[in-house]
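Coordinate analysis (summary)
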Amino acid sequence: MSALTDVPAIPAVYEELSIGAAPVGFQRMPAGHVRTRYRFLDGPCLYTLDGTAPVGGGGAHIGFPAYDGDTDWFDAHEADRFRAVRRGATNGIVRCIHYVRG
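Residues numbered from 1 in each chain as written. Predicted model: local features only at pLDDT ≥ 70, side-chain atom pairs only at ≥ 80, totals over all residues. Heavy atoms only, no water.

Here the focus is the packing of aromatic side chains. A complete count under the given rule lists 11 aromatic pairs for this structure. Taking 6.5 Å as the distance between ring centres and 55° as the angle between the ring planes, the aromatic pair formed by Phe26 and Phe74 counts as tilted. Separated by 48 residues along the polypeptide, Phe26 in the loop between strand S1 (9-19) and strand S2 (33-42) and Phe74 in strand S5 (residues 71-75) bring together distant segments of the chain. The class for Phe26 is buried, based on a relative accessible area of 6%. For the ring pair Tyr38 and Phe40, a centre distance of 5.5 Å and an interplane angle of 75° mean the geometry is edge-to-face. A residue is classified by how much of its surface remains accessible, and Phe40, at 1% relative accessible area, is buried. (Phe/Tyr/Trp six-rings, centres within 6.5 Å; stacked < 30°, edge-to-face > 60°. Helix = DSSP H or I, 4+ residues; strand = E, 2+ residues; numbered from the N terminus. Buried < 20%, exposed > 50% of the residue type's maximum accessible area, 1.4 Å probe, protein only.)

The biggest cluster of nonpolar side chains holds 14 residues, and the ones touching the most others in it are Phe26, Tyr38, Phe40, Tyr47, Phe74, Phe82 and Val94. Broken down by secondary-structure element, the contributors of at least two residues to this core are S1, S2, strand S3 (45-48) and strand S7 (92-101). Apart from the residues within four sequence positions on either side, Phe26 is in contact with Glu15, Leu17, Thr36, Phe74, Ala79, Phe82, Val94, Cys96 and His98. (Core = buried A, V, L, I, M, F, W, Y, C linked by side-chain atoms within 4.5 Å. Contact = heavy atoms within 4.5 Å.)

Set out below in structure tokens:
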């Protein structure tokens, strides 16, 4: 099985989300989407990749932590189900490029 980054792909759509108290997800994935390169900025966030709404307020937290500067890849399935909220009082940002099969 090839690695995610071995799939021939070209950058197609840029997207930037402001991550606040309400869960947000990607809205601009193009047809033929195969992967997404992302980078978190500013305030810490929590995210999920299965469509579950993350929880970042007081009490129990739900989701994976993401911090300023974190960067990596999501495959198409993960990006489609990505949801994020801020963790604390400061909104975060996620910037990404969605790729299509080359």
